[in-house]
Amino acid sequence: MSTSLFRKKSIDKIVKEAEEGINDGHGGVSGLKKILNVRDLTFMGIAAVVGAGVFSTIGSAAFNGGPGISLLFVITAITCGFAALCYAEFASRVPIAGSAYTYAYVSFGELIAWIIGWALILEYAIGNIVVAISWSGYFNNLLEGATRWFQANGFPNFDITLPAWLTVDPGTANAAYNLSQAALDKGETLTPSLQFARNAWEQAPVVNGSRIFINLPAFLIVCLITCITYVGIRESKKSTNAMVVFKIAVIIFVIILGAFSVNPHNWSPFMPNGIEGVLKGVSAVFYAYIGFDAISTTAEECKNPQRDLPRGMIYSLLICTVLYILIALVLTGMVNFSELNVTDPLAFVFERVGKEWIGYLVSISAVVATTSVLLVFQLGQPRIWMSMSRDGLLPKAFSRVHKKYHTPYFSTIVTGVIVAVPSLFMQSSLMSDLTSIGTLFAFVLVSAGVLMLPRLGGGDQRSFRLPYVNGKIIVPVLCAIFLVLSRGRIQGAIEKLGSDSLQEILFLVYVVLAIVMAVLSFLKNFSLIPVLGVLSCAYLLIEINSSHFLGLLFYLDGPWPDDLFSLRIPEKQIGWPSLLAPADKSCRIFAVK
């Protein structure tokens, strides 16, 4: 066998191995159960996409973009749609586990596959840490809400809240305490939220002179999810389906109930901060969509992957887009967009219209929603590692399948450890952007990979075929329009080349990419959809804050941005203080931006 770093895997060989159930590279039977159908895959896609986005980040996006944020969901859905169609094309031709890693191996060879494999690990592992921390915040909110309700209804001694030192990472706790100390040094009276932070610091246990803070709920939920994914795909499927049915029912109920409180005047102006305000939410909104690719990791557990995987991806993307648009319109119709810079927008808007009891239902649904996201992501990563192990890029242990539970058990355990342990003490600031970077990188390679696949004849009877639209003329025309509209930014970027402006360098790299894709499309008659997938995902990639490409290198040392504490929610919520809140209205935030 060739030792070239760019050796590719044969599609025919992969399909044959999938049909025969051979564990590539090790000669054993894979043993994964084929039990997933199109409904299960659609539910998994919804489970991964409808999570923190609809319950939290949509608020800050609406604050920046106003009612026009609904257009951003359309733009993002179209962008993801190009990538989803490319994923679907690969899934119908390469029906094995591994997602973008396997697709890159087929298209570009071993080296690129190895790179994208580790990019996916970045996406899933860091993303899961963020989701676990977010889940902890929602869960602590729920405990606080239940405690208040029981105390207000005849049970004054009822208290199921956790000590503050068990609900937050040490970095957030230290930053919060320092702000309270700064307020005292200035002779200011501590607000309730500042006092909360100070009390939590002083009450925390001390070991060897250091105060102990850990996020215990985040750790425990990862352990629980790991147990479910270890036991089997059937149990994971049932858990996912049940959670999706519940959270979709709650969202539809909220949409219908909220529609009766919509004031159309709140939709004017539709884009109060212009298109720039709408596009400010790109990272937050895109982060809500990245989960649909997790479906492709379960290819070997599908009854009919070539038919059902493409359908599951597309169905879930369409359903989630409709739900997000409706939620955005209801939120911005119930209250003015300027009030939505909160971490719990759904509960907040119903409180504003006198329906506070909805907040409790939303809190429960938020816990369920983030649990389902965590479950799907924890299910996906071990299967990527399993595929990498089969190809000799990881130790053989990662591809071992449990004889009883028929799951990649070693990979599942390792995934649980690398997510659970950091979730105890890591801050989540910048993590959504880092996850988006890994995902967009995968989307770009998958879209480009489709262009590398050999064309099939008209006699091919696959259940899904990516529509071919010749981009020979369309892509160069679109590129020319882009260059004309961006000529001012291009000139400014060239002038700043010597000023160490990474953002401008990335933009110029994108300009070169666009020109290259236009030329190749003209010369080689490239299919339009994959080209648009490459260009649209690459553009979103370079629009993410450039400092976040380097942020991971300095993550543990800080310093932390001031806006880490800028999100506002009502005083009755628990979490960690928004220490920049006005003195007459104290606020709390979760330990996640």
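Not measured: the values here are computed from a predicted model.

About the thresholds
Residues numbered from 1 in each chain as written. Predicted model: local features only at pLDDT ≥ 70, side-chain atom pairs only at ≥ 80, totals over all residues. Heavy atoms only, no water. Helix = DSSP H or I, 4+ residues; strand = E, 2+ residues; numbered from the N terminus. Contact = heavy atoms within 4.5 Å. Areas by Shrake-Rupley, 256 points an atom, 1.4 Å probe, with all protein chains shown as cover. Salt bridge = Lys/Arg side-chain N within 4 Å of Asp/Glu carboxyl O. Buried < 20%, exposed > 50% of the residue type's maximum accessible area, 1.4 Å probe, protein only. Patch = residues over 30% accessible without salt bridge, like charges linked within 9 Å, V, L, I, M, F, W, Y side chains within 5 Å. Lys, Arg positive; Asp, Glu negative; His and termini not counted. Charge placed at Lys NZ, Arg CZ, Asp CG, Glu CD. Expected span 1.5 Å × (residues − 1). Polar contact = N/O pair within 3.5 Å; in protein donor to acceptor, adjacent residues only side chain to side chain.

Undergrad: Is there a simple way to think about the overall build of the protein in this case?
TA: Regarding its fold elements, the protein presents 22 helices and four strands. Expressed as a percentage of contacts within the protein between residues at least 6 apart in sequence, the contacts between residues at least 24 apart total 80%. Accessible area of the protein: about 24200 Å², with a carbon and sulfur share of 65%.

Undergrad: Even after reading the chapter, I still don't get the pattern of salt bridges, so can you show me in this structure?
TA: It is possible for side chains of opposite charge to pair when their charged atoms get near one another. Summed over all chains, the structure comprises eight salt bridges. For Arg-148, the salt bridge is made with Glu-144, and the minimal N-O distance between the two is 3.5 Å. With Arg-148 and Glu-144 both in helix 6 (residues 110–152) and four residues apart, this pair spans about one turn of that helix. For Glu-301, the salt bridge is made with Arg-383, and the minimal N-O distance between the two is 2.8 Å. In this pair, Glu-301 sits in the loop between helix 12 (282–287) and helix 13 (305–334) while Arg-383 sits in helix 15 (residues 357–390), placing the two residues 82 residues apart along the sequence. A single burial state applies to Glu-301 and to Arg-383, both of which are buried. The structure contains a network of salt bridges with shared partners spanning Arg-39, Asp-40 and Lys-237.

Undergrad: Is there a simple way to think about a positive patch on the surface in this case?
TA: Together, Lys-33, Arg-234, Lys-238 and Lys-303 make up a positively charged patch on the protein surface. Its location among the elements puts Lys-303 in the loop between helix 12 and helix 13.

Undergrad: What should I look at first to understand helix 2 (residues 38–49) in this one?
TA: Each α-helix winds once per 3.6 residues, and so residues spaced three or four apart point in a common direction. The end-to-end C-alpha separation of helix 2 is 16 Å, in line with the 16 Å expected for twelve residues at 1.5 Å each. Of all the twelve residues making up helix 2, nine are buried; the element is thus mostly covered by neighbouring parts of the structure. The set of residues buried in helix 2 consists of Asp-40, Leu-41, Thr-42, Met-44, Gly-45, Ile-46, Ala-47, Ala-48 and Val-49. Capping the start of helix 2, Asn-37 holds a side-chain oxygen 3.1 Å from the backbone nitrogen of Arg-39, two or three residues further along.

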